[in-house]
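Here is what each chain is made of, one letter per residue.
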Amino acid sequence: MTELRPARILAIETSCDETACAIVENGRALLSSVVASQMEIHARYGGVYPEVASRQHVLSVVPVVEQALAQAHLTLKDIDAIAVTQGPGLAGSLVVGMNMAKGLALGAGLPLVGVNHLEGHLYSAWVYEAGDNAPPEPQFPLMALLVSGGHTELNLMTEHLTYQRLGATLDDAAGEAFDKVARLLELGYPGGPAIQSAAEEGDAGRFNFPRAWLDGTYDFSFSGLKTAVLYETRELKKRSGHLPAHDLAASFQKAVVDVLFKKTMDAAREFGAKEILVAGGVSANRALRQAFRAQGEFPVHIPPLSLCTDNAAMIASAGYYRFALGHVSDLDIDVLPTWNLSQAA
Ligand code: KG4
Ligand code: ZN
């Protein structure tokens, strides 16, 4: 691959309930990253309240950008391009970051680069803290498992910005299943971390929940598993009035991890991948990370915990490769992308 030109990218991410800005150099070295979380506000509603989210973004976006520049000891003069999440996400949230990015690009005379949020998640695996030793760069062909609150898909990346989608969830995303099951088990919001900590004190072998293997495909399905947990929960409540939440959480988590792990490994073998990448909010899950770390067949890239859930560093990284490879956007781009990952480049 030809040498890519050096560039510093400032990125803004407001697709859901985090207002985030980050500055990344040459796609990998993180100079600053600020994430203003609205988690506490939405916890009251048991999920993200879109209208409240977009109003919070309006309040936070300017201070968050100022803080990211200040933390990196930079001004807009030191930035080469502005990247921004173009979607998918909540339209009312996306539009706040998009307008801020357009304003910065126009005001500072910088190119604008729209980034698909899912593409951003994948690129979180390229990022490391500036000043640290650079970890090895993911090598293509790369089998990329993306597991977030809104998406679950397997993509084969044959080179930068090039994705072959092998499969995706037919119903719930993995993170969504964690969130819904956490609600059933009365473990609170957000569900992923709550299930994880409950599971660590539970017996994963106590309940044998179904695994939707969907043989012959690389698709996923988690709604049957969620329903099985629902029925088991109802039955247990009726019989004993008590919920063994730890064992239920551990058995549920094991069922999700088993499927994500095996399907990714099978796909990596079938498509001759050199390495594996796991990203998205659910990649923060300790059991999932352990499953991939414990196998010795493929080198695996999983972002540090701070970059698993939504952040702008990942948008800056993907934005860098888009910018350096000549995919700059018009200033009138819309917030809802007209391409999905496999059409992203
Ligand atoms: O990537 P993300 O921050 O937002 C989306 O783009 O959707 O992912 C959020 C999802 C939520 O469903 C959350 O419950 C899940 O990631 N999550 C986890 C963990 N941390 C966050 N799921 C399992 N285990 C975790 N430790
Ligand atoms: Zn996300």
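Everything numeric here is computed off the predicted structure, so don't read it as measured data.

A.B. asks: So what's going on with the state of the cysteines? Residues and values would help.
C.D. replies: Overall, the coordinates contain zero disulfides when judged by the stated rule. Between Cys308, a free cysteine, and Cys16, which holds the nearest cysteine sulfur, the sulfur-to-sulfur gap is 16 Å.

A.B. asks: Account for the site of ligand 1, with residues named and values stated.
C.D. replies: Around ligand 1 sit 17 residues, and of these His121, Gly149, Asp179, Gly192 and Gln196 come closest. The contact in question runs from an oxygen atom of ligand 1 to an N or O atom on the side chain of His117, over 3.1 Å. Contact between ligand 1 and Gln196: a nitrogen atom at 2.9 Å from a side-chain N or O atom of the residue. In isolation ligand 1 has 560 Å² of accessible area, and contact with the protein removes 87% of it. Broken down by secondary-structure element, the contributors of at least two residues to the shell around ligand 1 are helix 4 (117–123), helix 5 (174–184) and helix 6 (191–199). Residue-level mapping places the shell around ligand 1 at the junction of two domains, with at least three residues from each of domain 1 (8–127 + 306–344) and domain 2 (142–301).

A.B. asks: Account for unusual backbone geometry, with residues named and values stated.
C.D. replies: Cis geometry marks the peptide bond from Gly87 to Pro88, where omega comes out at -5 degrees. Relative to the helices and strands, Pro88 resides in the loop between strand 4 (81–87) and helix 3 (91–108). Cis geometry marks the peptide bond from Phe140 to Pro141, where omega comes out at -5 degrees. Inspection of the secondary structure assignment puts Pro141 in the loop between strand 6 (128–129) and strand 7 (142–147). With phi around 55 degrees, His73 is a residue other than glycine that occupies positive phi space. With respect to the helices and strands, the residue His73 is situated in the loop between helix 2 (50–71) and strand 4. What makes His73 exposed here is its relative accessible area of 73%.

A.B. asks: Please provide a residue-by-residue account of the sheet that holds strand 10 (residues 275–279), values included.
C.D. replies: What the five strands build is an open sheet, ordered 9-8-7-10-11; its pairing is mixed. The open sheet has two free edges, formed respectively by strand 9 (162–168) and strand 11 (300–301), since each of these has just one partner strand. Direction of pairing for strand 8 (residues 152–159) relative to strand 9: antiparallel, over a ladder of six bridges. Paired with Asn155 across the bridge in strand 9 is Arg165. Relative to strand 10, helix 9 (residues 286–294) is tilted by about 175 degrees, and along the sheet it contacts strand 7, strand 10 and strand 11.

A.B. asks: For the coordination of the zinc ion (ligand 2), give the residues involved together with the corresponding values.
C.D. replies: The protein atoms that coordinate the zinc ion (ligand 2) are His117 (NE2), His121 (NE2) and Asp310 (OD), at distances of 2.0 to 2.1 Å. One way to put it: the four donor atoms around the zinc ion (ligand 2) meet at angles of 97 to 128 degrees, and that makes the site tetrahedral. Binding-site remark: the zinc ion (ligand 2) is held by donors from one chain whose sequence spacing is H-x3-H-x188-D. Of the two residues, His121 sits in helix 4 while Asp310 sits in the loop between strand 11 and helix 10 (313–324), which places them 189 residues apart along the sequence. Across this residue pair, the class does not change: His121 and Asp310 are buried.

A.B. asks: Describe in detail the nonpolar core, supporting the description with residues and values.
C.D. replies: By size, the foremost hydrophobic cluster in this structure holds 46 residues, and its most contacted members are Met143, Phe209, Phe252 and Leu260. Contributing elements (two or more residues each) for this core: strand 7, strand 8, helix 5, helix 6, helix 7 (223–240), helix 8 (245–270), strand 10 and helix 9. Counting residues per element, this core draws most heavily on helix 8, which supplies 12 residues. Those residues within four positions of Met143 in sequence are excluded, and the remaining contacts are Leu154, Asn155, Leu156, Leu166, Thr264, Ala267, Ala268, Phe271, Ala273, Glu275, Ile276 and Leu277.

A.B. asks: Can you explain the domain arrangement of the chain? Please cite residues and give values.
C.D. replies: Here the domain parsing of the chain yields domain 1 (8–127 + 306–344) and domain 2 (142–301). For domain 1 versus domain 2, the distance between C-alpha centres works out to 27 Å. On the domain 2 side, the residues contacting the 26 residues of domain 1 number 23 residues. Of the roughly 1900 Å² buried between domain 1 and domain 2, counting both surfaces, carbon and sulfur atoms make up 73%. Looking at the side of domain 1 facing domain 2, the largest losses of area belong to Leu118, Leu122 and Cys308, adding up to 29% of the total buried there. Those elements that place two or more of their residues in the side of domain 1 that touches domain 2 are helix 1 (39–43), helix 4 and helix 10. Split by residue class, the side of domain 1 that touches domain 2 holds 15 nonpolar, eight polar and three charged.

About the cut-offs
- Residues numbered from 1 in each chain as written.
- Chains lettered and ligands numbered in written order.
- Predicted model: local features only at pLDDT ≥ 70, side-chain atom pairs only at ≥ 80, totals over all residues.
- Heavy atoms only, no water.
- Disulfide = S-S within 2.5 Å.
- Near = heavy atom within 4 Å.
- Polar contact = N/O pair within 3.5 Å; in protein donor to acceptor, adjacent residues only side chain to side chain.
- Areas by Shrake-Rupley, 256 points an atom, 1.4 Å probe, with all protein chains shown as cover.
- Helix = DSSP H or I, 4+ residues; strand = E, 2+ residues; numbered from the N terminus.
- Domains from an automatic or database assignment.
- Buried < 20%, exposed > 50% of the residue type's maximum accessible area, 1.4 Å probe, protein only.
- Pairing = 2+ DSSP bridges.
- Contact = heavy atoms within 4.5 Å.
- Axes fitted to C-alpha atoms, helices over the stretch in contact; angles between N-to-C directions.
- Donors = N, O, S within 2.8 Å, 3.2 Å for Na, K, Ca; no water.
- Tetrahedral: all angles 85-135°; square planar, octahedral: opposite > 155°, others 65-115°.
- Core = buried A, V, L, I, M, F, W, Y, C linked by side-chain atoms within 4.5 Å.
- Buried area = accessible area lost by both parts, 1.4 Å probe.
- Nonpolar A, V, L, I, M, F, W, Y, C, P; charged D, E, K, R; others polar.

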